[in-house]
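Here are the chains, one letter per residue:
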Amino acid sequence: MPPRNKLKLYFIRHATPDWSRTDIPYVIPPGPPLTAKGEKEAAALGAFLKDQGVVKLYHSPFERTARTAQIAAGVTRIPCLEETRLAEWHSEVESAQQVGQRMSSMLEEAKTESTQIGPIGLVTHGGPVAVLLKELGLDDEKLTAFKRKFDHANPLPPAGAWEAEWDETSGSWNLDLKFIPQFDSC
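Residues numbered from 1 in each chain as written. Predicted model: local features only at pLDDT ≥ 70, side-chain atom pairs only at ≥ 80, totals over all residues. Heavy atoms only, no water.

Remarks on the overall build of the chain
Secondary structure summary: the chain contains five helices and six strands in total. Each helix (α) and strand (β) of the chain, taken in turn from the N terminus, gives the series β-α-β-α-β-α-β-α-α-β-β. Taking 2.2 N^0.38 as the reference for a compact globule, 186 residues should give roughly 16 Å; the C-alpha atoms of the chain span a radius of gyration of 16 Å, in line with that estimate. If one aligns the C-alpha atoms of the chain with their principal axes, the spans along those axes are about 50 × 35 × 30 Å. (Helix = DSSP H or I, 4+ residues; strand = E, 2+ residues; numbered from the N terminus. Rg over C-alpha atoms; globule rule 2.2 N^0.38 Å.)

Following this line, the structure appears as C-alpha cells:
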C-alpha cells in the first residue's frame, strides 16, 4: 500500500478580471476575462503553487478561473481540470446552503485525492471560498475581518490562496491565508 500523503488543499480565488466588461454578465459563464495584471497574478500564483508541491488544479467553468488555472498550471507543469461545482455563487438563484452542498461534495473528493497524490488546488471565486472556510471551521469573526481587507468583501485577494491543512493531532483544520500576489509592475 502506498504511503499516505498529508491532507493539504489550497482554496484559490481567480486573478483580476476585467471589471470594465459590463457587457458580459459576471455571474454567468463565461464571465469577463482576466486583465494583463490578472495574468501576471496567475503566473505569480503558479510559482507559489510549485513551491508548495501542488500536484493538480481544479477550476470553475468561468473564463477568469480557467485562465488563472491554465497559467498557474503552465508554470507548475501540472494538470488542471474544469469542475462545475467550483462555479461562482449566483445569489439570485442559489442560497448559501446550496453553495455549501455543491462545494462540500467537491471538497470530499479533493480531500481523498490529496491523501493519495499530494496537495490539490481549487481555483474558484471569493464567495465559494468563504463557504469552504466556514465549513472547515474558520470562525465568523475572522472571516469577517478578512472580508473587510479585500475587494468586493472577499476573504482573499485576486489570485490569493488559503492553505487548508488537516492536523491529525488536534483533529481540526489549520487555515491560513498563505499567498497574496506581489510583483513589480515594471
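Structure shown, so let's carry the discussion forward.
Thoughts on the nonpolar core
Across soluble globular proteins, you tend to see nonpolar side chains buried next to one another. Within the largest apolar cluster, 27 residues are counted, with the highest numbers of intra-cluster contacts made by L9, F11, L122, L133, W162 and L175. Mapped by element, the contributors of at least two residues to this core are β1 (8-13), α3 (96-117), β4 (120-124), α4 (126-135), α5 (140-149), β5 (161-167) and β6 (172-179). (Core = buried A, V, L, I, M, F, W, Y, C linked by side-chain atoms within 4.5 Å. Buried < 20%, exposed > 50% of the residue type's maximum accessible area, 1.4 Å probe, protein only.)

Considering the sheet that holds strand β2 (residues 56-59)
Across the sheet, six strands lie side by side as β3-β2-β4-β1-β5-β6; this open sheet has mixed pairing. At either end of the open sheet lies a strand with only one pairing partner, and these are β3 (80-82) and β6. Each adjacent strand pair in this sheet contributes to an overall mean axis angle of 20 degrees, direction not counted. Direction of pairing for β5 relative to β6: antiparallel, over a ladder of seven bridges. The residue of β6 that forms the bridge with A164 is L175. Sitting on the sheet, α3 touches β1, β2, β4 and β6, and the angle it makes with β4 is about 155 degrees. (Pairing = 2+ DSSP bridges. Axes fitted to C-alpha atoms, helices over the stretch in contact; angles between N-to-C directions. Contact = heavy atoms within 4.5 Å.)

Quick word on the packing of aromatic side chains
Under the defined criterion, the tally for this structure stands at five aromatic pairs. Their ring planes at 85 degrees and their centres at 5.9 Å tell us that Y10 and F48 sit as a pair that is edge-to-face. Of this pair, Y10 sits in strand β1 while F48 sits in helix α1 (residues 36-52), and the two are 38 residues apart along the sequence. Classification of F48 as buried rests on a relative accessible area of 12%. Measuring from centroid to centroid gives 4.8 Å for F146 and W162, while their planes differ by 75 degrees, and the two rings are edge-to-face. In this pair, F146 is assigned in helix α5 and W162 in strand β5, connecting sequence segments 16 residues apart. A single burial state applies to F146 and to W162, both of which are buried. Taken together, the ring pairs in this structure connect Y10, F48 and F179 into an aromatic cluster. Cation over ring: R64 sits above Y26, and NZ or CZ is 3.7 Å from the ring centre. (Phe/Tyr/Trp six-rings, centres within 6.5 Å; stacked < 30°, edge-to-face > 60°. Lys NZ or Arg CZ within 6 Å of the ring centre and 35° of its normal.)

Some remarks on α4
Among the 10 residues of α4, seven are classified as buried, and the element is accordingly described as predominantly covered. Those residues of α4 that sit buried are G126, P128, V129, A130, V131, L132 and L133. Here the buried face of α4 lies against β1, α3, β4, α5, β5 and β6. Of the residues one or two after α4, G137 is the one with positive phi, at around 110 degrees.

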